[in-house]
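Now for the letters of each chain:
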2 protein chains.
Amino acid sequence: MDNIVRVVVDAMGGDNAPAAPIKGAVEAVNESKDVCVYLAGQQDVIIGELAKYTYPADQIKVVHASEVIETAEPPVKAIRGKKDSSIVVGMNMLRHGEADAFVSAGSTGAVLVGGQVIVGRIKGVERPPLAPLIPTAKGMSLLIDCGANVDARPSHLVQFAKMGSIYMEHIMGVKNPRVAIVNNGAEEEKGNALVKETFPLLKACKDINFVGSVEARDIPAGYADVIVCEAFVGNVILKLYEGVGSVLIHKIKEGLMSSARGKIGGLLIKPALKETMKSFDASEYGGAPLLGLKGLVVKSHGSSDAKEIKNSVLQCIDFSKQDINGKIKENIQKPDEE
Amino acid sequence: MDNIVRVVVDAMGGDNAPAAPIKGAVEAVNESKDVCVYLAGQQDVIIGELAKYTYPADQIKVVHASEVIETAEPPVKAIRGKKDSSIVVGMNMLRHGEADAFVSAGSTGAVLVGGQVIVGRIKGVERPPLAPLIPTAKGMSLLIDCGANVDARPSHLVQFAKMGSIYMEHIMGVKNPRVAIVNNGAEEEKGNALVKETFPLLKACKDINFVGSVEARDIPAGYADVIVCEAFVGNVILKLYEGVGSVLIHKIKEGLMSSARGKIGGLLIKPALKETMKSFDASEYGGAPLLGLKGLVVKSHGSSDAKEIKNSVLQCIDFSKQDINGKIKENIQKPDEE
């Protein structure tokens, strides 16, 4: 049974809970023999939902947790106060080695705080980054960090670069991933204080394929595989991606509806447009890992549907089998320069 | 002749110079009696170009400048070294009161350095921000600051908010413009050190209509009229806007070409798509002002065509007639709280 990866799924987290996480868990175990899902949450609710599906019974277990952390709750208070919430119960299973990974579409803040406080950092990791995949013209890039802790130090960014490289290479299959730091220009003298201090450290780092600065304009084109930045900037990038995309699509649709010709054309292009939008949709790839913790914590979008939860669970199998944490440990604890 | 606004246009600046700036200048004087354009640059080149057009001769003058600052040159060195460049010559005219405004599509760095070093700041202005207009679902917002000086202080951001409000109200005609600060969440406790320090100062500021934090996701929707941030973040927002838009449009076109149905639909939607893209194109509104200087400096896109230069020149008329600098001076030198 050594090959079975044990994944706790937060059955109560996300806009579509409990239906979506439970359906996603069922789809995951129906797709892979290598995973056992623990559904954490209110037992009667979960059992009621599960009754709708057919699945290998030995691959899904229910772990009762009476409380639910709401998205609006202050994260630290929620993690401290709600000891019997699905997030706290699930993360404690990671902490005690009873599970390998934890997937939640619930409160980002609570997941980040819980990850640090309950699961704990790998020795040597200074700050665990939240690293979502973002769509590009060429595929996907890892945007690291988009977490809650802003104002990072240069040493944090160097660790982000290393952890991001390991993830892209071993989970996403990108050989020798190109690492770039977000900057306000391509020239050597550009950058804020943090970037200027970090740049030479990344350049000196032997374990990564550092390609220099990336201007925000070139991120969507797929200029690099690992996009390093501190969390405030990462948050701006991630959310602006979403915002520009949705306004642009809305404007195009609106524009088409303004003429008969546009309306007919719009009907004809609908399938192609849908396909294109799908290829530019991050949810196809599962959630964002919170890297550098003693177990794997994956944060799915709040709006996750069953498919995204399923993909997040399947992602945990690769993460565990590839021993990403072993690789992170080894790499972080090694000196950068010889 | 008091009503004539004197605008220097850098005839040598931008990817399409000298043709585009010269054509833009001609179009501007053909559209408005209230402006006199000084074309700064190599005299013989300018005279040769001008010969192609018909325009009121007393509204265009040529100011010879033998040198050209290239985009790739280090800005400080270029401004110091090339005393007879179109940028230095033009800005000196502002400094000596021989012109009211300066428009260039040339090196952003050189324009920013020249603005500070040659034209000089209005007394009390700590840092002159570069403030482009960005398209939104509702129209345009002013993104302030996108300049070259990063790592701003809270007092800088407060001045940006005030100058941006004045610009949006008196040039763009937005009554009581909504001012927001870019943040990584809407909650009160969110923000990096700079934002946390700036937030209460903006809240206490009586001259502006501060509406709180704006997440990057909500910028394209048009959540606020004046989007305040320090220049590193402003640069990321401005360039990502461009990058996401162009990749998305490219992907949509590519998607349409992959099927016969898509191709036909694509032909039908072409005019509507073009119209939509135009409404989401910042160049329709002219260049970005560098606010807080003793004269007006406007930076047009490097890729400016004649139309954008024309719009930049016409923008200078409003700026001068509305006495924006008088309003900035009065507002900056006034205490924030009573």
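Preceding this paragraph is the structure being described.
Small disclaimer: the values here were computed from a predicted structure and weren't measured.

Undergrad: Account for the nonpolar core, with residues named and values stated.
TA: Core analysis: the largest hydrophobic core is formed by 176 residues, its most contacted members being A:Leu39, A:Ile219, A:Ile237, B:Leu39, B:Ile219 and B:Ile237. Once residues lying within four places of it in the same chain are set aside, the contact partners of B:Leu39 are B:Val9, B:Ala11, B:Pro21, B:Ile22, B:Ala25, B:Ile46, B:Leu50, B:Ile60, B:Lys61, B:Val62 and B:Val63.

Undergrad: Outline unusual backbone geometry, supporting the account with residue identities and numerical values.
TA: In most cases, non-glycine residues show a negative phi, while peptide bonds are predominantly trans. Here A:Ala17 and A:Pro18 are connected by a cis peptide whose omega angle stands at 0°. Mapped onto the elements, A:Pro18 comes out in the loop between strand S1 (5-10) and helix H1 (19-31). A positive phi angle, near 55°, is found at B:Asp151, a position not held by glycine. Relative to the assigned elements, B:Asp151 resides in the loop between strand S6 (139-144) and helix H6 (154-170). For B:Asp151, a relative accessible area of 41% puts it in the partly exposed group.

Undergrad: Give a detailed account of the side chain of B:Ser85, specifying residues and quantitative values.
TA: Residues and elements named next belong to chain B. Turning to its location among the elements, Ser85 is positioned in the loop between helix H3 (75-81) and helix H4 (86-95). The buried category is assigned to Ser85, whose relative accessible area is 0%. Here the side chain of Ser85 touches Lys82 through a polar contact of 2.8 Å, landing on its backbone oxygen. Discounting chain neighbours no more than four positions away, the residues touching Ser85 are Ala65, Glu67 and Ile69.

Undergrad: So what about the relation of the copies chain A and chain B? Which residues, and what values?
TA: Between chain A and chain B, the superposition needs a rotation of 180° and an axial shift of 0.0 Å, giving an RMSD of 0.1 Å. The operation mapping one copy onto its partner corresponds to a two-fold rotation axis. Judged by C-alpha distance, A:Gly265 is the residue of chain A that lies nearest the rotation axis, at 2.0 Å. Counting the interface residues of chain A, we find that 100% of their copies in chain B are interface residues as well, pointing to one common contact surface.

Undergrad: Explain the pattern of salt bridges to me, using residue names and the numbers behind them.
TA: Counted under the stated rule, the structure contains 22 salt bridges over all chains. We note a salt bridge from A:Arg217 to A:Glu215, for which the minimum N-O separation is 3.9 Å. Since its relative accessible area comes to 31%, A:Arg217 is described here as partly exposed. Here B:Glu73 ties to B:Lys82 by a salt bridge, and the two come within 2.8 Å at their closest N and O atoms.

Undergrad: So what's going on with the sheet that holds strand S7 (residues 178-183) of chain A? Which residues, and what values?
TA: Residue and element names in this part refer to chain A. Pairing is mixed in the open sheet, where 5 strands are placed in the order S5-S6-S9-S7-S8. For this open sheet the edge positions go to strand S5 (133-136) and strand S8 (209-215), each flanked by a neighbour on one side alone. Between one strand axis and the next, the sheet turns by 30° as a mean value, whatever way the strands run. Sheet topology places S7 next to strand S9 (residues 226-228); 3 bridges connect them, and they run parallel. Residue pairing for S9: Ala180 is matched across the bridge by Ile227.

Undergrad: Go over the pairing of strand S3 (residues 60-64) of chain B, please, and point to the residues and values.
TA: Residue and element names in this part refer to chain B. Relative to S3, strand S2 (residues 35-41) is paired through 5 bridges, and the arrangement is parallel. In the sheet register, Leu39 faces S3, and the bridge partner there is Val62. The handedness of the S2 to S3 crossover, carried by helix H2 (residues 43-50), is right-handed.

Undergrad: How would you summarise the interface of chain A and chain B if you had to cite specific residues and measurements?
TA: Accessible area lost upon the coming together of the parts serves often as the stated size of an interface. On the chain B side, the residues contacting the 51 residues of chain A number 52 residues. Between chain A and chain B, roughly 4,700 Å² of surface is buried when both sides are summed, and carbon and sulfur atoms account for 73% of that area. At the junction of chain A with chain B, the criterion picks out 4 salt bridges. B:Glu215 is the salt-bridge partner of A:Lys239, the closest N and O atoms lying 2.2 Å from each other. For the side of chain A that touches chain B, the elements supplying multiple residues, two or more each, are S7, helix H7 (193-204), helix H8 (231-257) and helix H9 (260-279) of chain A. When residues in the side of chain A that touches chain B are grouped by element, the largest group, 19 residues, is from H8(A). Class assignment for the residues of the side of chain A that touches chain B results in 30 nonpolar, 14 polar and 7 charged.

Undergrad: Go over the packing of aromatic side chains, please, and point to the residues and values.
TA: Residue and element names in this part refer to chain B. Summed over the entire model, instances satisfying the criterion amount to 4 aromatic pairs over all chains. Ring centres of Tyr167 and Phe319 lie 6.3 Å apart, and the angle between their planes is 45°; this geometry places the pair in the tilted category. Separated by 152 residues along the polypeptide, Tyr167 in helix H6 and Phe319 in helix H10 (residues 306-321) bring together distant segments of the chain. Both residues of the pair, Tyr167 and Phe319, count as buried. Ring geometry for Phe199 against Phe210: centres 5.2 Å apart, planes inclined by 75°, an arrangement best described as edge-to-face. Of the two residues, Phe199 sits in helix H7 (residues 193-204) while Phe210 sits in strand S8 (residues 209-215), which places them 11 residues apart along the sequence.

Undergrad: Before we move on, can you summarise the state of the cysteines with the specific residues and values?
TA: Residue and element names in this part refer to chain B. Applying the stated criterion across every chain, the model contains 0 disulfides over all chains. Unpaired in this structure, Cys36 has its nearest cysteine sulfur neighbour in Cys316, at a distance of 13 Å. With a relative accessible area of 6%, Cys36 lands in the buried category.

Undergrad: Explain the environment of B:Leu133 residue by residue, including any values.
TA: All names here are of chain B. Relative to the assigned elements, Leu133 resides in strand S5 (residues 133-136). Of the residues examined, Leu133 reaches a relative accessible area of 7% and is grouped as buried. Spatially, the C-alpha atoms of Leu133 and Ser304 are 15 Å apart, while their sequence positions differ by 171 residues.

Undergrad: Residues and numbers for the packing of H9(A) against helix H8 (residues 231-257) of chain B, please.
TA: If you want to describe how two helices pack, look at the angle between their axes and the distance between the axes. At a minimum axis separation of 9 Å, H9(A) and H8(B) run at an interaxial angle of 135°. Looking at the two axes, H9(A) sits oblique to H8(B). Here the hand of the crossing between H9(A) and H8(B) comes out right-handed. Only B:Leu248, B:Lys251, B:Ile252, B:Gly255 and B:Leu256 of H8(B) make contact with H9(A), whose side of the interface consists of A:Ile269, A:Ala272, A:Leu273, A:Thr276, A:Met277 and A:Ser279. For the contact of H9(A) with H8(B), a count of residues per class yields 7 nonpolar, 3 polar and 1 charged.

What counts and what doesn't
Residues numbered from 1 in each chain as written. Chains lettered and ligands numbered in written order. Predicted model: local features only at pLDDT ≥ 70, side-chain atom pairs only at ≥ 80, totals over all residues. Heavy atoms only, no water. Core = buried A, V, L, I, M, F, W, Y, C linked by side-chain atoms within 4.5 Å. Buried < 20%, exposed > 50% of the residue type's maximum accessible area, 1.4 Å probe, protein only. Contact = heavy atoms within 4.5 Å. Helix = DSSP H or I, 4+ residues; strand = E, 2+ residues; numbered from the N terminus. Polar contact = N/O pair within 3.5 Å; in protein donor to acceptor, adjacent residues only side chain to side chain. Least-squares fit on C-alpha atoms with pLDDT ≥ 70 in both. Salt bridge = Lys/Arg side-chain N within 4 Å of Asp/Glu carboxyl O. Pairing = 2+ DSSP bridges. Axes fitted to C-alpha atoms, helices over the stretch in contact; angles between N-to-C directions. Right-handed = clockwise from strand over helix to strand, strands pointing away. Buried area = accessible area lost by both parts, 1.4 Å probe. Nonpolar A, V, L, I, M, F, W, Y, C, P; charged D, E, K, R; others polar. Phe/Tyr/Trp six-rings, centres within 6.5 Å; stacked < 30°, edge-to-face > 60°. Disulfide = S-S within 2.5 Å. Parallel < 35°, antiparallel > 145°, perpendicular 65-115°, else oblique. Left-handed = near helix turned anticlockwise from the far one by under 90°.

Take it as geometry only, folks, not as evidence of what the structure does.
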